[in-house]
Structure formats: C-alpha cells, structure tokens
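A closer look at the structure
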Amino acid sequence: MTADNEIEVKEAFQRAQKGHNNKAKLVASLKSRYNKLEDKTLFHEEFVHYLKYAMIVYKREPAVENVIEFVARFATSFQSPPKTDEEEQQQEEEEEEEEDAEDDHPFLSFIFNFLLESHKANSHAVRFRVCQLINKLLGSMAENAQIDDDLFDHIHQAMLVRVTDKFPNVRIQAALAMTRLQQPKDPDCPTINAYMLILENDTNAEVRRAVLSCIAMSPQTLPKVLKRTRDTKENVRKLAYQVLADKVHIKALTIAQRVTLLQQGLHDSSEAVREMVRCRLLPSWMLRLDGNIIELLHRLDVENCAQTALETLKAILKGTLTEELQQNRVQLDNRKVIPVDLLSCENVLYWRALCEFIKAEGDDGDEMLEQVLPDSATYAEYLYGYLKAVPLLSEEQRADFNQLELVMTKEFISQQLIHLIGCLDTNEEGGRKRVLAVLQEMLALPQTPSSLVSLLTEKLLTLISDDNRRIQTVAEIISDVREPIMEASQPVDENVSRRQQVQLAEVKVHIMEAKQTLEDCITAQDFGRAAELKDSITELENRRNQVLQEIAESSQPADKETRTEKNDPETLLRCLTMCAELLKQMRIKKQIGPTISALMASLVLPSIANAHPAVRNMAVVCLGTCTLHSKELAKNHMVLLLQIAQLDEVKIRISALRAIIDLLLLFGFQLLSETAATQTAPQSQSPDRQEEDAPMGEEKGDTPEDTAQSVLVMLSEFLGSEVSDLRTETAEGLAKLMYTGRISSAKMLSHLVLLWYNPLTEDDTRLRHCLGVFFQLYARESRVHQEVVDDFLAVRMCGEMLKDPTAPEVRLYAKTLSNLELSRDGTVRKDLLTLLQQLVQVVKDRVCLRALEKMVSQLVDSKEQAELLSASALQPLDVNADEAATDDPSKSAKRPKRGQRKACTAKGGRKPSRRAESSEESDGENVPESVPMVRTSRRARAAALEKTKLDLNTLINQEANVS
C-alpha cells in the first residue's frame, strides 16, 4: 500500500475474496488510488488482468462471487450518487454535458467494453461471468443513471445473443441483465419479445423463473405470465402467482382471468402454490379494493362459479378476524337476516360462506353463529316468504332476456338461502318441524323452480335420519305432485242441453194450451172437464219444474275433489329428481321395500321410454342408483342398461355407463354370469372386433367369457369414440375397475396408455388428469398391478426391438428389459420367451445379447435353461470364466454361468441388487456389500469444506512469480 487509504490492485483482489472484508472500504481505498493516477491505462489493464482469474471459474465459489461483487461495486462507485430534491434544485442550472460526463465514466465504459468483447468466448464459464457482471453493473447503477446510446445498443445486442446460449446459467444471467433494457411502451421491444419467447419455449425451469422475476407487466406480456400459472414446475407456478400479486392490479384482469386464477391456484397440486394464492394473491387484491370483500365478489362471476367464490371467501376468512368482517360487510336487520330488498348474489353468498366457516369451528363458533343467523323457525318463515315470491315464467316471458336474468338471479339467491339451512340449530323440535313443513310445502308447490327441487330434497332428507321415514315422506310428496287433488267439474253436453230445452218448450206449450182449454170449459160451464184439465195443468207444471231443475244441475259444476295423474315432462322430471335424491341419500345396505318398488313400477321404468330426453336421463339415473341397493334388481335390469349405453343420446348413454361401472365395482363381473343365466347379454356392435380382442379380458371370477367379453369390447369401443365426454367417462370407469382389481388386463392398460398419449386428447384435461393419476396409483397399489405393467412394457419393447434390431435405442430397450420384474403367468412368459429367442437371432450388439441372456434366465427353469443354452446362439462373453469352469468341473457344476439364476430365483424371487448388475464388465464375481459410513463431526465437515473452497491467491501469486 502506498498510503493508509490506498491499496494495490492485486491486494484489493486478494482481500475481496474474503467474505468478512468490508467491500466499501476496499472500494474507497482503490478508488482513492485510481483518482490520483494521471494515466489510467495501466490501471485498467492490471484490473482486467486480475479479473480474468475469476471469470474463468464456472462454479459458484464464494471467493469468486465475492470478487464479482467487488468489481461491480467498484465500477459503479464512479457514478454520482442519487441526489435529493434540494440538491437537484440547486443544480438545475448545471450543464447537461457535465452530468453526462459523470454518468458515463471512463472506467465504467472500459469495463463494459471489455465484457462485451468477451461475451462470445468459447468457454461457457467466461460467458456466464460476463452476463453476471453486466447484470450486477446495470443493477447497481442509480435509477436515474444514463449510459451512452451506442453502449446501450451493444449491451442489448450482446444479451439478446446470450439468452439463447446453450448453458442455462448463462441464459439466466443474460435475462436478468436485460431487466433495465426493457421498454414496455414499445410494442416491438426486442427484450420483451425475447422474454416472451423464453417463457413459451425454454426447457429449463430456472430460466423461466428468471424471466418471470424481471419481465415488465403490460397488456402484451400479461397473457404469457398468466400461462405460467399452469407451468409443469411448481416453483414457476408459485413465482407466477407472486408476480401477479405484486405487479398486476385486479382491475387489469378480466373476470374470466380472475376466476381461472383462483380455480387453478386454490386446487393446485402443490401446497406451496396454494399457500401463495391464499397468503399473497388474495390479500393483494383485497388491499387494492380497500378490504371490501363484497367488492371482490362483484369482480368475480359468483352466479356461474359459486364454488370457486366460496373457496375464495373461506380462504380470506381463514386469515381474517370474523368479527371484523361480520360487522363491516353483512347487513343484517334486527331479525338477524338480510332484508329481502337488499338481497344480492354477492352478499347472500358471503353470508352463507361466513356462517359455514363459523359452523366449521365447532363449539368455539356457536356464540358467533348466533349473532349472524336467526333461530330455525324465524329463518323458515324468511325462506318461505322469499321462495314463494320467485316468479314462474311462461315460454313467452322466457324469451325476454331481462326477465329471465332476473329470475335466474332470484333462483341463485334461493339456492344460497337453502344451503344456509345446514347451519341452523335444528335441535329444538318446534323449529325443526317448521323447517320440515316449509321444505315439504315448497317441494309440493308447482310454482317452485325445477332448479331448486334437488337441493330442497337434499336438505329435507338431512333433517330426517330414519330411512323409512325418508322414503315415506318423499313418496307422499311425489304422490301430491304427480296426482294433485283437484275439484272435478262435469262438462256440459250440448245434445243433452238442447233436448232439455226442447222438453221445457213443449211443456210450456202444453201448459198454455191446457189453461186456454180450462178457460173455455169454465165459460161453457163444463165443470167436470175443467176439473180434469186442472189436474193435467198441475202435472205439466211439475214436469216443467223437473226439467228446469235438470237444466240447472247440468249447468253448474259438481263440488267434488278428485286426483288426476299428471304425466307432463316437467312433473315427471320433478318427481324423478326427488326420487333420485332419495335413493342417493339412502344407506347402501338399505333394501328395496314396497314403497320404492311401487315408485319403480309406476314412475321410473315407464319414464325410461319417455320421449323427453331429460326425463329419460333422470329415469336412468334413478334405475342405476336403485339397482345398487338390490342385486336381484341389478340382474334384472343390467341388459336394459347395456342397451341404453349403446343406443340412446350421449348424455343418457353416459348415465347408463356410470350405472354399469358402479354395479361392476360393487358386485363384480360375477353379476354378469348371474344375469346371463336367465337372459342373454347383448352382443357388441362390432363382431369382428370382438374376435380380434378375444384375449383381452383376464377378469377375475367365474364370469362367462362371452358375456364379460362383450362388455369389455363395448367399453373398448367407447374408448375410441369421437365423443369426448363418452370417451372420458369410459376411461375413468375402466381405471376404477382396474385399480380395484375387477379387471386385470395388460392389453386394456396399453389401450389407456395410448389414449393418454393420443394427440387428439390433448385438450381433454379431465381425461389426461384422470389417467395421469391412475397410472401412478395403479402401479404402486399391489404387486399384481406391477406385474401387469411390467408385462405390458416387456412385450412392447420386444416389439420395438424386432422392428429395427440395429437401431441405437435397442441397447436402451435391452437394458430396461433386464430391470423388469415379470409376472408368473405362464402364457406371458412363453410369449416373451418366443420374442426373446427371435431377438437373439437378429441382435448383434454384444451388450444387448448379454441383457437378453439375463432376461432368458428369468423366464425358464433350470432344466429348460440348460437345454436352451446348449442349443442357443448365445455365446459365452467371458472367455476366462469359461476356461476356469472347464478346468474345475465341480465349480462349474455349483456356480451357474453368467446371467443365470437358480431355479427358485428364476421363478419369481427378488431381483439381485442393481449394484451387482449395473456393470457391463462384471465377470460374475460376488460383489461385497458396501461398508456403512461413519458420520463425521460438524467440525471435521467444516474443515473438509474449507479445503474444497477455491482460492484465487495461488493462481495470482504463481503468475506473479512467473512474470
């Protein structure tokens, strides 16, 4: 050192390697020396000379990282520090040239030029350090710093090249270095375009994370960031949500984007991502909306995405004081209900979420629940009043969108109010009876919207614990809906009425004639005749009164009550919905009684032939659910369900397919054999394909091949259907059957694998997700499943090897084959042995032959193995081992040849350790087990770690001695 406050360049680099040294003092000392030099050229050369020692090291050594940090701080120390407002006002009159001179310091320009000249070096370490230094230099500069336009362009072009580097770490540093080079307002900004290209196409997750952390938000980049929330890597998804929380206002997102973010984030497979959504994204949105939770719901589609909105509310409530939210956001009156005129989709949904959240707290939330919810009787009257006010629109009114939207809103509010029944305290008998009465009356009313029937039935059944009472209650409601009590009125018969009027007119004429004759007789004093006429007139008047009475009775309706059966589609659908909900809520062990049998005979089975598709679909749902409670009923109607699954509309076919899968899961394929004993199962639509897929089924049990096989062929055909919903439902059903052990078929498994990789199913997210989860769980569930998977892979790999025995991947296939554990099934082993014998004749690679020999040894017993090896084309690969065996017959008899196993091992024992088989140069010797390692002390590990750290001083001193 030349002075106390100055330091040599070499010493500065040596001291900078130590993390405990004060970098600020080193920078100040070296800067003091630099400022006193008149000729800066030698300093520049010396500085770069020592910097190069660090730039050739790719590994993130602490000493090198400290040097890089020191260089960045020293180079940017020549810039003027950020000025305060007062200082800027004092220097407003200074010339711009002086300011430019301060920002564009010669040493800083020299370092940048040196780095830009080195960014194309062959060494990836140099390229990495160049990008890292440029990143640190630009990051350490003040916000108002300026650099020369040409230098800016050169940096820009260099980093655009480096973001396409072969090494991910170089791309990461280059991407970070371009952070301050972005121009978000420029739609053609090359940096932003490069960032978006990286987010879409870079295969390295850390590179994508680096770009996410520094990309500027704009309408152009927002969709790319949103897409990263569906990235395959957990860390990328997590960072994407963090960036959206920190940089994007909720108003910048559309309703669809907000809902999608919450749906995916709250159901992400990673707990870290879900936690990021709950603790970072949602609080950020709430902060930007001033904590108004109702305002947040306004910015979501609560009517169409109620479940997502509920989960969002519960996530918010989990981290917020419920007392504060209740006081500020729920507008309850003195009855502890929201006034009807103030009800909206948002506040009623929040009311429900709040009550359910408090209810879930158990006894701790009882006191709080009493403050936000009334007693059962009060709430029942409140619910009854609102439900009766929901209008029932005619067909003409439904054409008016405004009226339809109003009714849909009222139905949504009604649904949430019905859900709140689950939070009521129904222990008090009077309140519970009132709630039950309201629910029964609403179900019986024809004005009740059809969309509320299922939910009303569900809440009614939850309040009734006894199954018999449940059945009786629902049956009575269905009877009232299907056959309502009506006043009977007899229609007036026009012929009868006309005849009565004629009779009345004739009687009146006869009366008039008799009276006239009576007057004539009195005038002639013929009193005898007058007496007879008087009696005749009396009879005629009685006849007239009788006719008048008959006319009066026929013109007035009879005051009688009668039941008239209604068979319109709306009534049938309402009754079937209640029946389906009843069957779903019944215990699975509950047998079918007389009441359910009557409903089946009078309602369900006749509705299966109804012309209305919705009625047929609900009838199939009822039939399928009912058969789960009775095996006899399942046997009687299995053929009907199979026919519906093949012949009806898609939605109804799917309902029938679900019922079939459920029955097979519950009763097994034995159900088909019992069904076939009384009636013939329907044949598949493709007899040719049935013969082709004949060996597919390997079902368990005593199922006849033709019956079970026809069902499997039908399901196999559904897998190839062009209707995505039917294809997905079939795949999910087969996955359930295979996972539970009802089906064990390598061929069916291969069909599902091909469906999973089929490009046509790329957009079918439900199918891909279902199969992706199934394959993982299936292989881990049992040894039998593992054998099915190994058999499938073995056959497929042998087929691929036979296609082209000279292909480079044949060696990989052969090595993989040797690691598989095959099942003990004789047919599978025989087929594989045949394939392996064919491979032995055509494969020439010696490494592959060795693996195939090992595979053969697993498939044959000791006698077959000896005969096979004597006649096989496989030649011994280890000449020394064969000679030793020949010299010592006893040893050759006791020790099997390479690749062979003992008979017990070949028939399904555990595989030898991978360590003993992994070396291709193994000569068959026994490999000793690894010696357990003794855990070293922390001090010893720290000392060993210190020895491995890189120290640049050795290189620097060595170079100095040479020079």
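All values derive from a computational prediction rather than experimental measurement.

1. Remarks on the overall build of the chain
Counting its regular elements, the chain contains 51 helices and 2 strands. Within the structure as shown, the chain displays about 52100 Å² of accessible surface, and the carbon and sulfur contribution to it stands at 49%.

2. Concerning the nonpolar core
Ranked by size, the top nonpolar core spans 229 residues in total, and within it Phe47, Ile134, Trp351 and Leu417 carry the most contacts. Excluding residues within four positions of it along the chain, Phe47 makes contact with Val9, Phe13, Leu30, Phe70, Val71, Phe74, Phe107 and Ile111. Listed in part, the 23 residues of the second largest apolar core include Ala794, Met797, Met801 and Leu817.

3. A short note on the pattern of salt bridges
Across all of its chains, the model carries 38 salt bridges by this definition. Put simply, Glu65 and Arg129 hold a salt bridge, and the shortest N to O gap is 2.7 Å. Remark: Arg129 occurs in helix H8 (residues 124-140) and Glu65 occurs in helix H4 (residues 62-76); sequence separation between them is 64 residues. Each member of the pair, Glu65 as well as Arg129, is classed as buried. A salt bridge links Glu732 to Lys736; its shortest N-O distance comes to 3.8 Å. Taken as a pair, Glu732 and Lys736 lie in helix H38 (residues 724-739) at a separation of 4 residues, close to a single helical turn. Taken together, the shared-partner salt bridges connect Arg658, Glu729, Glu732, Lys736 and Arg766 into one network.

4. Considering the packing of aromatic side chains
For the coordinates displayed, the defined rule picks out 24 aromatic pairs. Both rings, one in Phe13 and one in Phe47, keep their centres 5.1 Å apart while their planes meet at 65°; by these two values the pair is edge-to-face. Highlighted residues: Phe13 in helix H1 (residues 9-16) and Phe47 in helix H3 (residues 41-55), separated in sequence by 34 residues. Grouping residues by exposure puts Phe13 and Phe47 together as buried. When the centroid spacing of 6.2 Å and the interplanar angle of 65° are considered together, the rings of Tyr58 and Phe167 count as edge-to-face. On the criterion of sequence distance, the pair formed by Tyr58 in the loop between H3 and H4 and Phe167 in the loop between helix H9 (149-162) and helix H10 (168-177) is long-range, its members being 109 residues apart. We classify Phe167 as partly exposed; its relative accessible area is 24%. Each member of the aromatic cluster is reached from another via a ring pair, and the members are Phe13, Tyr34, Phe43, Phe47, Tyr50, Tyr53, Phe70, Phe74, Phe78 and Phe107. Its guanidinium or amino end placed over the ring of Tyr34, Lys40 lies 5.2 Å from that ring's centre, counting from NZ or CZ. Over the ring of Tyr384 we find Arg434; its NZ or CZ atom is 6.0 Å from the centre of that ring.

5. A look at the packing of H3 against helix H7 (residues 106-118)
Relative to each other, H3 and H7 sit at 45°, their axes nearing to 12 Å. In terms of axis orientation, H3 runs oblique to H7. Taken as a pair, H3 and H7 cross one another with a handedness that is right-handed. Packed against H3, whose contacting residues are Phe43, His44, Phe47, Val48, Leu51, Lys52 and Met55, the element H7 presents Phe107, Phe110, Ile111, Phe114 and Leu115 at the interface.

6. Comments concerning the confidence of the model for the chain
Confidence along the chain averages 80 in pLDDT terms, with 79% of residues attaining 70 or more. Per-element mean pLDDT across the chain ranges from 36 in helix H48 (residues 903-906) up to 95 in helix H14 (residues 234-247). With pLDDT under 50 throughout, residues 865-934 is counted as low confidence; its partners more than four residues away or in other chains account for 63 contacts.

7. A closer look at H10
The buried fraction of H10 amounts to 7 of the 10 residues, a majority that puts the element mostly inside the structure. Those residues of H10 not exposed but buried are Val170, Arg171, Ile172, Gln173, Ala174, Ala175 and Ala177. Looking at the packing, one finds that the buried side of H10 touches H8, H9, helix H11 (190-201) and helix H12 (205-214).

8. Remarks on unusual backbone geometry
In the Ramachandran plot, Asp290 falls in the positive-phi region, its phi being about 60° despite a non-glycine side chain. Structurally, Asp290 is set in the loop between helix H16 (271-288) and helix H17 (293-298). For Asp290, a relative accessible area of 71% puts it in the exposed group. Although it is not a glycine, Lys336 adopts a positive phi angle of roughly 70°. Inspection of the secondary structure puts Lys336 in the loop between helix H19 (322-329) and helix H20 (345-360).

9. Some words on the side chain of Arg482
The topology assignment puts Arg482 in helix H27 (residues 467-482). A polar atom in the side chain of Arg482 sits 3.4 Å from the backbone oxygen of Ser602. Once residues lying within four places of it in the same chain are set aside, the contact partners of Arg482 are Thr564, Glu565, Lys566, Asn567, Thr571, Leu572, Cys575, Ser602 and Leu603.

10. Digging into a negative patch on the surface
Among the surface-exposed residues, Glu361, Asp363, Asp364, Asp366, Glu367, Glu370, Asp375, Asp425 and Glu428 lie close enough to one another that they form a single negatively charged patch. Overall, the relative accessible area of 59% leaves Glu367 in the exposed class.

11. Looking at a nonpolar patch on the surface
A cluster of nonpolar side chains, contributed by Tyr739, Val773 and Leu777, occupies part of the molecular surface with about 240 Å² of accessible area. Within the element layout of this structure, Leu777 appears in helix H40 (residues 765-781). The exposure class assigned to Leu777 is partly exposed, which follows from its relative accessible area of 42%.

12. Considering the environment of Leu436
Summarising the element assignment, Leu436 is placed in helix H25 (residues 429-444). When neighbours within four sequence positions are excluded, Leu436 is seen to be in contact with Leu460, Leu463, Ile464 and Arg469.

13. Comments concerning the environment of Ser344
As for its placement among the helices and strands, Ser344 is situated in the loop between H19 and H20. Residues Ser344 and Lys410 lie 66 residues apart in sequence; the distance between their C-alpha atoms is 8.6 Å.

14. Quick look at the packing of helix H31 (residues 594-607) against helix H32 (residues 613-627)
Packed helices, taken two at a time, are described by the angle their axes make and the gap between the axes. In contact at an axis separation of 8 Å, H31 and H32 are set at 145° when each is read in the N-to-C sense. Here H31 and H32 pass one another in a crossing that is left-handed. In this structure, H31 uses Ile596, Met600, Val604, Leu605 and Ser607 to contact H32, whose residues at the interface are Val615, Arg616, Ala619, Cys622, Leu623 and Cys626. Residue classes in the contact of H31 with H32 are distributed as 9 nonpolar, 1 polar and 1 charged.

15. Remarks on helix H24 (residues 401-419)
For H24, spanning 19 residues, the distance from its first C-alpha to its last is 27 Å, which sits close to the expected 27 Å at 1.5 Å a residue. Considered for burial, the residues of H24 that qualify are Val407, Glu411, Phe412, Ile413, Ser414, Gln416, Leu417 and Ile418. Contact partners of the buried residues in H24: helix H18 (306-318), H20, helix H22 (376-388) and helix H26 (453-462).

What counts and how
Residues numbered from 1 in each chain as written. Predicted model: local features only at pLDDT ≥ 70, side-chain atom pairs only at ≥ 80, totals over all residues. Heavy atoms only, no water. Helix = DSSP H or I, 4+ residues; strand = E, 2+ residues; numbered from the N terminus. Areas by Shrake-Rupley, 256 points an atom, 1.4 Å probe, with all protein chains shown as cover. Core = buried A, V, L, I, M, F, W, Y, C linked by side-chain atoms within 4.5 Å. Buried < 20%, exposed > 50% of the residue type's maximum accessible area, 1.4 Å probe, protein only. Contact = heavy atoms within 4.5 Å. Salt bridge = Lys/Arg side-chain N within 4 Å of Asp/Glu carboxyl O. Phe/Tyr/Trp six-rings, centres within 6.5 Å; stacked < 30°, edge-to-face > 60°. Lys NZ or Arg CZ within 6 Å of the ring centre and 35° of its normal. Axes fitted to C-alpha atoms, helices over the stretch in contact; angles between N-to-C directions. Parallel < 35°, antiparallel > 145°, perpendicular 65-115°, else oblique. Left-handed = near helix turned anticlockwise from the far one by under 90°. pLDDT = per-residue confidence, 0-100. Polar contact = N/O pair within 3.5 Å; in protein donor to acceptor, adjacent residues only side chain to side chain. Patch = residues over 30% accessible without salt bridge, like charges linked within 9 Å, V, L, I, M, F, W, Y side chains within 5 Å. Lys, Arg positive; Asp, Glu negative; His and termini not counted. Charge placed at Lys NZ, Arg CZ, Asp CG, Glu CD. Nonpolar A, V, L, I, M, F, W, Y, C, P; charged D, E, K, R; others polar. Expected span 1.5 Å × (residues − 1).

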